[in-house]
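Structural features, examined
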Amino acid sequence: QVHLEESGGGLVQAGGSLRLSCVASGSIFSISAMRWYRQAPGKQRELVASIITGNSTMYTDSVKGRFTISRDNTKNTVYLQMHSLKPEDTAVYYCYAEVRTSSVNTLTYQWWGQGTQVTVSS
């Protein structure tokens, strides 16, 4: 069993910055990938950024140059540093992790956090 907990959301003015954190805990052998998704009211869930074991990163076009995803593997934590925030960034942001829980079983499981609200005012 794995638990993901997001934090760092809040209310910020357009042009401001926020840093989201997601901590994974529980039965963790290794984490192969961590991702940030978001879902705005009336819209489908959107993949925002991802980072894998080799620290390769990916960003959706709308946040490139503004957001940075990073990991601290010793703490099983992923961060999303957000700059130049826009009202369009307003959403619930969800953490996702692909987790291997056993040293002998190579299967990975997908886990989701409960989300943290980011609101950007104009």
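Everything discussed here concerns the structure shown above.
Small disclaimer: the values here were computed from a predicted structure and weren't measured.

1. Considering the packing of aromatic side chains
Applying the stated criterion across every chain, the model contains three aromatic pairs. Here Tyr37 and Tyr96 contribute two aromatic rings whose centre-to-centre distance is 5.9 Å and whose plane-to-plane angle is 70°, an arrangement assigned as edge-to-face. Taken as a pair, Tyr37 in strand E4 (residues 30–39) and Tyr96 in strand E9 (residues 91–100) lie far apart in primary sequence, 59 residues in all. Each ring, one from Tyr96 and one from Trp112, has its centre 5.1 Å from the other, and the planes form 65°; the classification is edge-to-face. One end of the pair, Tyr96, is in strand E9; the other, Trp112, is in strand E10 (residues 108–112), and 16 residues separate them in sequence. In this structure Tyr96 comes out as buried when scored by relative accessible area, which is 3%.

What counts, and where the lines are drawn
- Residues numbered from 1 in each chain as written.
- Predicted model: local features only at pLDDT ≥ 70, side-chain atom pairs only at ≥ 80, totals over all residues.
- Heavy atoms only, no water.
- Phe/Tyr/Trp six-rings, centres within 6.5 Å; stacked < 30°, edge-to-face > 60°.
- Helix = DSSP H or I, 4+ residues; strand = E, 2+ residues; numbered from the N terminus.
- Buried < 20%, exposed > 50% of the residue type's maximum accessible area, 1.4 Å probe, protein only.

In short, geometric facts, not functional conclusions.
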